[in-house]
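So the chains spell out like this:
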Amino acid sequence: TIRVWNMTTGECKKVLTGYSKFINSFALNENNELITASGKEIIILDMKNGLIMHKLSGHSDEIKALILNKEKFLISGSKDGRILKWKFEKKNLSN
């Protein structure tokens, strides 16, 4: 379960129940998509409905870090010793 909180009031604004994996790292992009790292894959969720939009694979061990920058790149770091750069292009992702 993922919970979205209002930082000012402390109120839980939304509960996304379709996702049950442990999350190591996350980021929120400008399209209101939640990008999560769980195990060896990156999962992108639509915050409106909680549905999985994309699953990205490329690491051979647990992902420990995600960074999303203004140039529309996602950087992922894993225990496999690799850092991958993912590019957002019209809702498509590539590394």
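Residues numbered from 1 in each chain as written. Predicted model: local features only at pLDDT ≥ 70, side-chain atom pairs only at ≥ 80, totals over all residues. Heavy atoms only, no water.

## Focus: the pairing of strand β2 (residues 12-16)
Inspection of the sheet shows strand β1 (residues 2-5) paired to β2 by four bridges, in the antiparallel sense. The residue of β2 that forms the bridge with Trp5 is Cys12. Connecting the antiparallel pair β1 and β2 is a turn made up of six residues, with Gly10 showing a positive phi of about 80 degrees. (Pairing = 2+ DSSP bridges. Helix = DSSP H or I, 4+ residues; strand = E, 2+ residues; numbered from the N terminus.)

## Some details on the confidence of the model for the protein chain
Looking at the protein chain, pLDDT values average 84 and 89% of them are 70 or higher. When pLDDT is averaged over each element of the protein chain, strand β8 (residues 73-78) comes out on top at 92 and strand β10 (residues 92-94) at the bottom at 54. (pLDDT = per-residue confidence, 0-100.)

## Focus on the pattern of salt bridges
Applying the stated criterion across every chain, the model contains four salt bridges. Notably, a salt bridge pairs Glu11 with Lys13, separated by 4.0 Å at the nearest N-O pair. By relative accessible area, which is 52% here, Lys13 ends up exposed. Here Lys64 ties to Glu62 by a salt bridge, and the two come within 3.9 Å at their closest N and O atoms. We classify Lys64 as partly exposed; its relative accessible area is 47%. Looking at Glu62, the relative accessible area reads 24%, which means it is partly exposed. (Salt bridge = Lys/Arg side-chain N within 4 Å of Asp/Glu carboxyl O. Buried < 20%, exposed > 50% of the residue type's maximum accessible area, 1.4 Å probe, protein only.)

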